[in-house]
Amino acid sequence: MIAIHVSDLVKRFETITALQGISFSVNEGETFGFLGPNGAGKTTTIRILTGISPPTSGSASILGKDIVNETIAARKEIGIVHETSNVYDDLSAWKNLIFSAELYSVGKEERESRGKSLLELFGLWERHNDRVKGFSKGMKRRLTLAMGLINNPRILFLDEPTSGLDVQSNLIIREVIRDLNTKGVTVFLTTHNIEEANVTCDRVAIINHGQIAAIDSPERLKKTIQSVQSVKVAFADADPSIKECLRELPLVNEVRKEGDKYRLITEKPPVVIQAVMECAAEQKVTVISMNTYGPSLEDVFIRLTCLDVRTKGVRAID
Amino acid sequence: MSQVLYELRASWAIAKKDAAIYYLKPNILVSGALFPLFMFLAFSVGRPAEPALMIPGLVAITILFSSSTIEPVSIPIERRMKTFDRLLSAPISLHAIVLGESLSGFLYSIGIASVPCIAGFVLFGTGLSNGIPFLIGVVLTAFCFATMGTLFAAYPTESPGDIMSMLNLVRLPLIFISGIFIPIASIPYPGQLLVYCSPLTYGTDLIRAGFSGPTLFHPAVDLVMLLLFIGVFQVLANRLYKRFNE
Ligand SMILES: Nc1ncnc2c1ncn2[C@@H]1O[C@H](COP(=O)(O)OP(=O)(O)OP(=O)(O)O)[C@@H](O)[C@H]1O
Ligand SMILES: [Mg+2]
């Protein structure tokens, strides 16, 4: 069954068009990633799919229920983890959880047993009676996730679940997502973290300026841009002028300095490896290491969103 | 049917949540509890004993200020903290949200208004001759102005001050055109028309019927008018929340 179906969705605010007619479907049980830079329209999409914000045109349905005409029925199937950890600072973790359960009409026994196991799962049980005001960012995030799961949803929306968290909170959250996936829960997550999309999602949609640039599995997306394979080389004691020499090599499209290493972008890594060795011999420098890389999801992302940050030597998107 | 029950329970949960978080917040205590109580004292102490005339009006004013203060403060704060999105994305209708918010102002106001009432009854005896119109008057007035507070809070701002200043522009004049301090007969003609447009007039009148004071209308008229105002405010609030939902 199709969990989420979106057809030609447009969202206009007074001055800007945040979504310019996007269409996609997410199958039940899938972990679907929405990957895009700041302002791409990720949160806007989630707000429409959860019935908070009405679309300007187009339609969307959740498990076959239209989000505009059957909003309440559609919402009963979903859990939402909003972009900001919107917990009530003045209530305890437990009261926060119970309040969300009440909004979703989860029965008393069920909410108490599930509430306890969720707080244990997210490592918050010891603090369940403490006011949330004193919680760290990661703890609030984990509580937000627990609140999003209290109604045992079939579809979970996560708006940047791990953004800005430490390794431990990050790991717990990823583990939970994986676990949900094995239980058949559909997960729709937005992120601007390419690695997160790469490791957690079955399929990824790359969104930019309110348009979907590509949708596919991370591996297949990488295949579409074979031309950006690369060779990374480190020299023992190279003069900066070596960069010029590398740039002159045949079949090298581009040379980027990355820390103490050089990355050479090419379509034919074997040829380039040969040429680099020759160049090194000529310049009398020693090669310490050399690796070849296939295209990364980041390369796909940069290619499709036309982000030109390479020239400044910046590689990460965030 | 089950959905109605489902939504009523959610409304109740929203009201309980507001009570736990906002009822004792300092700014709410000042403008929703202390201000109306001091006003009550200021106007009731040292006046010639005419409880049937003054007390109903003062009770109504206490209710007006206490019931309409919670939502104009809590809703902008919840917009800023994004917790309002929780309500907006829950599997309940806007009606349930508006009802829950109004309920929280209502309960607060009943609590606050009972302070001078109980104190007055204990210290000076009741003067109350007919409990039914008094109780209905108190309940409906409180619910009416709680809904009005919720209605004003629909204005999409994240700062309580914005809503409070708009609200006071309405609340303060209401006191003067509801026959509490200024007898309606002494208000010049066009002003008298305004008197009939104020829910406070009907609330005060119904409460006054409980004290067997001189009333303007039959209690049934007051009752119908208050219900009408509640209905209109509820519908308008729903419209506005929907409209401002981007
Ligand atoms: N309520 C609103 N009014 C006006 N413009 C808005 C509103 N909400 C979003 N936008 C605009 O829509 C565009 C998309 O915003 P959105 O929040 O969906 O981006 P995003 O992909 O979630 O970005 P981020 O990674 O920063 O969270 C932005 O240009 C934003 O300014
Ligand atoms: Mg966002």
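Calculation criteria
Residues numbered from 1 in each chain as written. Chains lettered and ligands numbered in written order. Predicted model: local features only at pLDDT ≥ 70, side-chain atom pairs only at ≥ 80, totals over all residues. Heavy atoms only, no water. Pairing = 2+ DSSP bridges. Helix = DSSP H or I, 4+ residues; strand = E, 2+ residues; numbered from the N terminus. Axes fitted to C-alpha atoms, helices over the stretch in contact; angles between N-to-C directions. Contact = heavy atoms within 4.5 Å. Parallel < 35°, antiparallel > 145°, perpendicular 65-115°, else oblique. Left-handed = near helix turned anticlockwise from the far one by under 90°. Nonpolar A, V, L, I, M, F, W, Y, C, P; charged D, E, K, R; others polar. Near = heavy atom within 4 Å. Polar contact = N/O pair within 3.5 Å; in protein donor to acceptor, adjacent residues only side chain to side chain. Areas by Shrake-Rupley, 256 points an atom, 1.4 Å probe, with all protein chains shown as cover. Domains from an automatic or database assignment. Donors = N, O, S within 2.8 Å, 3.2 Å for Na, K, Ca; no water. Buried < 20%, exposed > 50% of the residue type's maximum accessible area, 1.4 Å probe, protein only. Salt bridge = Lys/Arg side-chain N within 4 Å of Asp/Glu carboxyl O.

J.: Mind laying out the sheet that holds strand β7 (residues 155-159) of chain A, listing which residues take part and the relevant values?
T.: All names here are of chain A. Strands sit in the order β6-β7-β8-β3-β9-β10 across an open sheet of six strands; the sheet is mixed. Of all strands in the sheet, those bounded by a partner on one side alone are β6 (78-81) and β10 (211-216). Between one strand and the next, the sheet's axes are offset by a mean angle of 15 degrees, whatever the strand orientation. Two elements, strand β9 (residues 203-208) and β10, share five bridges in a ladder whose sense is antiparallel. Within the sheet, the bridge partner assigned to Ile206 lies in β10 and is Ala214. Here helix α5 (residues 137-149) sits on the sheet and contacts β6 and β7; the angle it forms with β6, its principal contact strand, is near 165 degrees. Packed on one face of the sheet, helix α11 (residues 297-305) meets β3 (31-35), β9 and β10 and runs near 35 degrees to β9.

J.: If you had to explain the packing of helix α3 (residues 93-103) of chain A against helix α4 (residues 108-121) of chain A to someone new, which residues and values would you point to?
T.: Residues and elements named next belong to chain A. Direction vectors running N to C along α3 and α4 enclose 130 degrees, while the axes themselves pass 10 Å from each other. With respect to their mutual orientation, α3 and α4 come out oblique. Handedness of the α3/α4 crossing: right-handed. Facing α3, whose interface residues are Trp94, Leu97, Ile98, Ala101 and Glu102, α4 presents Arg111, Glu112, Gly115, Lys116 and Leu119. The residue makeup of the contact of α3 with α4, split by class, is five nonpolar, one polar and four charged.

J.: For the site of ligand 1, give the residues involved together with the corresponding values.
T.: Residues and elements named next belong to chain A. Taken together, the neighbourhood of ligand 1 is formed by 13 residues, with Gly39, Lys42, Thr43, Thr44 and Glu83 sitting nearest. Separating an oxygen atom of ligand 1 from a side-chain N or O atom of Lys42 is a distance of 2.8 Å. A distance of 3.1 Å is found between an oxygen atom of ligand 1 and a side-chain nitrogen or oxygen belonging to Glu160. Considered on its own, ligand 1 offers 630 Å² of accessible surface; in the complex 63% of this is hidden by protein. In terms of residues, the shell around ligand 1 owes the most to one element, helix α1 (residues 42-49), which gives three residues. When its residues are assigned to classes, the shell around ligand 1 shows five nonpolar, five polar and three charged.

J.: Give a description of the domain arrangement of chain A that names residues and reports values.
T.: If you check the domain split of chain A, you get domain 1 (2-217) and domain 2 (229-293). Here the C-alpha centre of domain 2 of chain A lies 44 Å away from the C-alpha centre of domain 1 of chain A.

J.: How would you explain the sheet that holds strand β13 (residues 261-266) of chain A if you had to name every residue and give the values?
T.: Residues and elements named next belong to chain A. An order of β12-β13-β11-β14 is seen for the four strands of this open sheet, with the pairing classed as antiparallel. Looking at strand neighbours, the two that pair on one side only are β12 (252-258) and β14 (287-293), the edges of this open sheet. Neighbouring strand axes in the sheet, compared pairwise and without regard to direction, differ in orientation by 20 degrees on average.

J.: Give a description of the coordination of the magnesium ion (ligand 2) that names residues and reports values.
T.: Residues and elements named next belong to chain A. At 1.9 to 2.3 Å from the magnesium ion (ligand 2) lie its protein donor atoms, namely Thr43 (OG1) and Glu83 (OE). One end of the pair, Thr43, is in helix α1; the other, Glu83, is in the loop between β6 and α3, and 40 residues separate them in sequence. By relative accessible area, Thr43 is classed as partly exposed at 23%.

J.: A description of the interface of chain A and chain B should follow, citing residues and the corresponding values.
T.: If you look at the interface, chain A gives 29 residues, while chain B gives 26 residues. At the junction of chain A and chain B, the tally comes to three salt bridges. Two residues, Glu102 of chain A and Lys16 of chain B, come together in a salt bridge whose shortest N-O distance is 3.0 Å. At the junction of chain A and chain B, the tally comes to eleven residue pairs in polar contact (both at pLDDT 80 or more). Of all the elements in the fold, those that place two or more residues in the side of chain A that touches chain B are α2 (71-75), α3 and α5 of chain A. Ranked by residues supplied to the side of chain A that touches chain B, first place goes to α3 of chain A with four residues. Residue classes in the side of chain A that touches chain B are distributed as twelve nonpolar, nine polar and eight charged.

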